[in-house]
Amino acid sequence: MIGKHALGVKPARHIRSATIAIFLNSLEGLLYRHLERRLARHVRDLLRRNYAVDLPRIVVEQPPQVELGEYALPLAFELAKQLRKPPRKIAEEIIAALGQLEGFEKFELAGAGYINARVNRAYVAAALAADQNPKVEIPPGKILVEHTSINPNKAAHIGHLRNAILGDTFVRLLHFAGREVDVQNYIDNTGVQVADVVVGFLHLEKKSRSEIEQLVRQPRFDYYCWDLYARVSQWYGQEKQNREARAQVLHAIEAGNDEIAAIADLISVAVLRRHLETMDRLDIKYDFLPRESEILHLHFWDAAFTKLKEGNVLFLETEGKNKGCWVMRRAGTTRATRQNASAEDAENGEVAEEDQKVIVRSNGTVGYVGKDIAYHLWKFGLLGRDFGYRKFYRYPNGHECWVSTTVGALDHPHFGGVAEIYNVIDARQAEAQNTVIEAMRELGYNQQADHYTHFSYEMVALTPRCAAELGYELSDEDKTRSYIEVSGRKGFGVKADDLIDTLISSARKEVDTRHPQLSEPERATIATQIAVGALRYFMLKFTKPSVIAFDFKEALSFEGETGPYAQYAVVRSTNIFRKGGLDPDTYLRDAACSVSIEDFAKYLMGESGNAIWELWLAASKTSYIIDQCVATTEPAYLAKHVFQLAQLFNTFYHQHPILTEPDESRKKFLLATAAVVRRELIRMLAVMGITVPPVM
RNA sequence: GGCCCCGUAGCUCAGUUGGAUAGAGCAGCGGUUUCCUAAACCGUUGGUCGGCGGUUCGACUCCGCCCGGGGCCUCCA
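The rules behind the values
For every chain, the first residue of its written sequence is number 1, and the numbers climb from 1 along that sequence. Think of it this way: whatever chain is written first is A, whatever ligand is written first is 1, and the rest follow in order. With pLDDT at 70 or above as the cut-off, local features in this predicted model cover only qualifying residues; side-chain atom pairs require 80 or more to be listed or tallied, and sums for whole chains, interfaces and linings still use all residues. Hydrogens and waters are ignored; side-chain quantities use all the structure's heavy atoms. A helix here means a DSSP run of H or I that spans at least four residues, while a strand means a run of E at least two residues long, and both kinds are numbered starting from the N terminus. Type-normalised accessible area, obtained with a 1.4 Å probe on protein chains alone, sets the label of each residue: buried when under 20%, exposed when over 50%, and partly exposed for intermediate values. Residues count as neighbours in contact if any of their non-hydrogen atoms are within 4.5 Å of one another. Residue exposure ignores everything except the shown protein chains as possible cover, and the areas themselves are Shrake-Rupley values with a 1.4 Å probe. Note on pairing: DSSP must find at least two bridges between two strands before they are called paired. To be near a molecule or strand, a residue needs just one of its heavy atoms within 4 Å of it. Polar contact is the term for a pair of N or O atoms within 3.5 Å; when the atoms are in protein, one must be able to donate a hydrogen and the other to accept it, and sequence-neighboring residues count only if both atoms are side-chain atoms. Criterion for a salt bridge: a side-chain nitrogen of Lys or Arg within 4 Å of a carboxyl oxygen of Asp or Glu. Only centres within 6.5 Å qualify two rings of Phe, Tyr or Trp (six-membered ring in Trp) as a pair; their planes then separate them into stacked at under 30 degrees, edge-to-face at over 60, and tilted for everything else. Here, nonpolar core means buried Ala, Val, Leu, Ile, Met, Phe, Trp, Tyr and Cys residues that are tied together by side-chain atoms lying within 4.5 Å of each other. Axes, fitted as lines to C-alpha atoms, cover a helix only where it is in contact. Angles between the N-to-C directions of the axes lie from 0 to 180 degrees. Helix span, as expected, comes to 1.5 Å for every residue beyond the first. Two kinds of site are reported from a 1 Å grid over the protein atoms alone, namely cavities, where a 1.4 Å probe fits but cannot get out, and pockets, open sets with protein on both sides within 12 Å along at least five of seven lines, and residues are called lining when an atom falls within 4 Å of a point. Grid points are joined across faces, edges and corners, and a volume is the space filled by probe spheres set on the points. Residue classes follow a fixed rule: Ala, Val, Leu, Ile, Met, Phe, Trp, Tyr, Cys and Pro count as nonpolar, while Asp, Glu, Lys and Arg count as charged, and any other residue, Gly among them, counts as polar. With the far helix as reference, a near helix turned anticlockwise by less than a right angle produces a left-handed crossing, and one turned clockwise produces a right-handed crossing.

**Q** Any chance you could break down the overall build of chain A for me, citing the residues and the numbers?
**A** Counting its regular elements, chain A contains 30 helices and 16 strands. Looking at chain A as a whole, 56% of its 696 residues are labelled buried. Partitioning the intrachain contacts of chain A with sequence separation of at least 6 by distance along the chain shows that 76% fall at a separation of at least 24. A total of about 30400 Å² of accessible surface is found on chain A, and carbon and sulfur atoms cover 49% of it.

**Q** Describe helix H13 (residues 300–310), with residues and values.
**A** Buried residues of H13: Phe300, Trp301, Ala303, Ala304, Phe305 and Leu308, and no others. Summarising the contacts, the buried residues of H13 are in contact with helix H12 (292–297), strand E8 (326–329), strand E9 (356–360), helix H16 (368–379) and helix H17 (430–442). Asn312 occupies a position one or two residues after H13 and carries a positive phi of about 55 degrees.

**Q** Outline the pairing of strand E3 (residues 114–119), supporting the account with residue identities and numerical values.
**A** With five of six residues buried, E3 is to be regarded as a mostly interior element. Direction of pairing for strand E1 (residues 71–73) relative to E3: antiparallel, over a ladder of three bridges. Residue Ala72 lies in a different strand from E3, and its bridge partner there is Asn116. Of the strand pairs in this sheet, strand E2 (residues 104–110) and E3 are connected by six bridges, and their pairing is antiparallel. Of the residues in E3, the one forming a bridge with Phe104 is Val119.

**Q** Can you explain the sheet that holds strand E14 (residues 460–462)? Please cite residues and give values.
**A** Taken in spatial order, the three strands make up an open sheet running E15-E14-E16, and their pairing is mixed. The sheet is open, and its two edges are formed by strand E15 (484–485) and strand E16 (548–550), each paired on a single side. Two elements, E14 and E16, share three bridges in a ladder whose sense is parallel. The residue of E16 that forms the bridge with Val460 is Ile548.

**Q** Lay out the protein's contact with RNA strand B with the relevant residues and their values.
**A** Residues in close proximity to RNA strand B total 64 residues, the closest being Tyr114, Arg361, Thr543, Ile576 and Pro657. The sugar and phosphate moieties of RNA strand B supply 68% of its atoms located within 4 Å of the protein. With respect to RNA strand B, the side chain of Asp188 contributes an N or O atom lying 2.7 Å from a sugar or linking oxygen. Within the backbone of Gly560, a nitrogen or oxygen atom sits 3.0 Å from a phosphate oxygen of RNA strand B. Those elements that place two or more of their residues in the surface near RNA strand B are helix H3 (75–83), E3, helix H21 (496–514), helix H23 (552–555), helix H24 (563–579) and helix H29 (636–655). Here the surface near RNA strand B gets eight residues from one element, more than from any other, and that element is H29.

**Q** Describe the pattern of salt bridges, listing the residues and the values that go with them.
**A** Overall, the coordinates contain 49 salt bridges when judged by the stated rule. A salt bridge links Asp196 to Arg246; the nearest nitrogen and oxygen atoms lie 2.9 Å apart. Linking Asp196 in helix H7 (residues 192–204) with Arg246 in helix H10 (residues 243–255), this pair joins segments that are 50 residues apart in sequence. In this structure, Asp196 and Arg246 share a single accessibility class: buried. In this structure, Arg666 engages Glu661 in a salt bridge whose closest nitrogen and oxygen atoms are separated by 3.6 Å. Three or more residues joined by partner-sharing salt bridges are found here, namely Arg220, Asp222, Arg274, Glu277, Arg281, Asp497 and Asp501.

**Q** Now, about the packing of aromatic side chains: what can you tell me, with residues and values included?
**A** One pass over the full model with this rule turns up 36 aromatic pairs. Summarising the aromatic geometry, the rings of Phe300 and Phe387 are spaced 4.6 Å apart at their centres and angled 40 degrees between planes, so their arrangement reads as tilted. Highlighted residues: Phe300 in helix H13 and Phe387 in the loop between H16 and strand E10 (388–394), separated in sequence by 87 residues. In this pair, the class of Phe300 matches that of Phe387, namely buried. Arranged with centres 6.1 Å apart and planes meeting at 10 degrees, the rings of Trp616 and Phe669 form a pair that is stacked. With Trp616 in helix H27 (residues 606–619) and Phe669 in helix H30 (residues 664–687), this residue pair connects regions lying 53 residues apart in the sequence. Neither residue differs from the other here; Trp616 and Phe669 are each classed as buried. Put simply, the rings of Tyr186, Phe288, Phe300, Tyr375, Trp378, Phe387, Tyr389 and Phe415 touch in pairs and so form one group of aromatic residues.

**Q** Report on the nonpolar core, specifying residues and quantitative values.
**A** Leu47, Phe550 and Trp616 are the most contacted members of the largest nonpolar core, which has 157 residues in total. Non-local contacts of Trp616, meaning those with residues more than four positions away in its chain, are made with Ala125, Leu128, Ala129, Phe600, Leu604, Phe669, Ala672, Thr673 and Val676. Of all hydrophobic cores here, the second largest spans 40 residues; its members include Ile359, Trp378, Leu443 and Ala449.

**Q** Please provide a residue-by-residue account of the sheet that holds E8, values included.
**A** Across the sheet, which stays open at both edges, the three strands sit in the order E7-E8-E9 with antiparallel pairing between neighbours. Edge strands, defined here as strands with exactly one partner in the open sheet, are strand E7 (315–316) and E9. Relative to E9, E8 runs antiparallel, the two sharing four bridges. Bridged to Trp326 within E9 is Val360. Against the sheet, H17 engages E8 and E9, with an angle of about 90 degrees to E8.

**Q** Describe helix H22 (residues 520–540), listing the residues and the values that go with them.
**A** Note on helix geometry: an α-helix contains 3.6 residues per turn, so any two residues three or four positions apart are oriented the same way. For H22, with 21 residues, the first-to-last C-alpha span of 30 Å sits near the 30 Å given by 1.5 Å per residue. The element H22 is largely enclosed, with a buried count of 15 among its 21 residues.

**Q** How would you explain empty space enclosed by the protein if you had to name every residue and give the values?
**A** Scanning the model with the defined rule gives two cavities of 30 Å³ or more in all. Along the wall of the largest cavity there are 13 residues; nearest its centre are Leu31, Asn133, Thr622, Glu680 and Arg683. Contributions of two or more residues to the lining of the largest cavity are made by helix H28 (622–632) and H30. In terms of residues, the lining of the largest cavity owes the most to one element, H30, which gives three residues. In terms of residue class, the lining of the largest cavity is made up of four nonpolar, four polar and five charged.

**Q** Summarise the packing of H27 against H30; cite the residues concerned and give the values.
**A** A pair of packed helices is characterised by two quantities: the angle between their axes and the separation of those axes. Two elements in contact, H27 and H30, have axes whose closest approach is 10 Å; the angle formed by their N-to-C orientations is 30 degrees. The interaxial crossing formed by H27 with H30 has left-handed handedness. Listed contacts from H30 to Ile612, Leu615, Trp616 and Ala619 of H27 are Phe669, Leu670, Ala672, Thr673, Val676, Val677 and Glu680. A breakdown of the residues in the contact of H27 with H30 according to their chemical character gives nine nonpolar, one polar and one charged.

**Q** Please give an account of the environment of Glu510 that cites residues and values.
**A** By the secondary structure assignment, Glu510 is in helix H21. Along the backbone, Glu510 and Glu259 are 251 residues apart, and their C-alpha atoms lie at a distance of 51 Å.

**Q** So what's going on with the environment of Lys285? Residues and values would help.
**A** Structurally, Lys285 is set in the loop between helix H11 (259–280) and strand E6 (288–289). By relative accessible area, which is 7% here, Lys285 ends up buried. Measuring from C-alpha to C-alpha, the distance between Lys285 and Phe415 comes to 16 Å, with 130 residues separating the pair along the chain. A polar side-chain atom of Lys285 sits 2.7 Å from a polar atom in the side chain of Asp283.

In structure tokens form, the structure reads like this:
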């Protein structure tokens, strides 16, 4: 629901050149992903027809150098044994049979039996300049992305930033792919973490409700809680009986109708607002905040419990250590247990003790996984209950964020009942997530389970050096580790707002020296854009399963493989047009299309055109890369590609002075090159949530 | 003990779901600014892809075993 389209640039409405217009109308697409699909389809048909072979997947890869073509098919190797012919011979035959294919120049035999395909560079470039991007089939149904989900009891830290940036970027990727998305941020406002801070205010600080009401209004109340939470954890360690305070508070919060519950609500709401402010600094916004308090008070669990019992997913353990608990089979123990068990055991749903997951404790209270099952049944519209909704937070840009409540507004957007869900949750919770999926499956909701994706990522830890810089005392063992885990409980970590502040002031210093003539607000805006660009890029450049060992030096870098590097490439392109007295977008719409097919061919074909063609080719891959990111749930590919494109552009920029180019048609072509790359970079950066300053 | 992730250049990481000569950034060394041009560019140093087997025409990639690091496995969330 946020930002219908993440596109930073509007597509050109019409094409000026009659030649190109006719050509483009006759085709379904000329950009990288369209050509790849067409090639694969063409080859598959040919293999069926001529060889009666049906390959499950036609592998299409990219040759090591652009000189060898744009696509490479290694399929002759695969067929060699089956057809009892040498690969080169097969490749030759296939090439002869391939004939003509729209958008392609020719097919060639290469190496030991590769079939390399060369596209018609001029046509592809013309299509890209005209921003041709034909509609592709978009799967129906709304998608729900859950991310951030920070316990509302302390300030957000760098680990939470990775979660939110990954989640928000994935939302933008889905938007780009044309999908409708709801963004949810689950709030555990009734758990032990909130209880702990409440204990801190009541037992350590001895604060009254009205005093807390005052404190809540201070600017960074979440920082106050950060320190208090760490002190409470220490306090629990001092005397065993201190922990009794937690149990009492927790119980009061769950019941939800006394002074303590009111204080807990006061605190968690205030911290939650702070989280929304922090994330909005990075342009991360939410549509709906489902809270655990409503899951409890609206009795979501009761509805889920009934279903789980009726579906024989849960059973009451009558002996052993889990006696008196409602348990289910732990994820990952699925078939083995069933097959090894006797038919009668399977009937009763009996599972070995070590394979059991307790869902309802023997005292009748439900655990976290149980509540999560109920919540996920709601997400798919399977629970038969709904939240109440009220407006909670209005962003400066007018976007409205809703929160769950027991009795809400009559008029509200519809949340839940979606077709697909993605949960951005760190890898440590993989087993819990799988247990929820397993419960859905056992309830017979296989289709929903298939569309339940745990968007798993690794944590952000600190390098020992970084930890030492922050003033933490390290044991000798810690010093030898490659990284040290952040701990909210110990108050050990880098707070999100602190990091953002540091980045902004660091960027600000540079902007001040480079552009002293700019006004104060202008410099502030640019510094913020650079800081956000650096931070978001930093969190996205690592692949999800890689632990980020956080280090200030790297995170604060604005050089090399960073967000500012890519932003700077765009600024350079913008500079060309500014100094040339042109507007890049207008130029693309009007002038670039006046570059004739012949001129595109002249400057892009052959040896001399290879280098610039490489740049055009990379620029034509936007939708291809984004498809890949969505299919693999890996935004890092986009970050890598943006950097590569920026790198190619910087090389181009260095080698080709454009404004002084004497040949008028060549100058037009070079300007079109700069404008196209600029447009694609802006687009992809927007998908990463990064904007580009006017100057840097 | 069981399950999951990681191991690639001095450091931090990519490696297109089995393909052509393993790539970036940082750090180091040496260069390039009257320019649309330095948050940049060029050159250069640097590799037993943790180890051993296996599958394959072909393995950094898949399988098995081992070594090293991390995580999860609680009537916590």
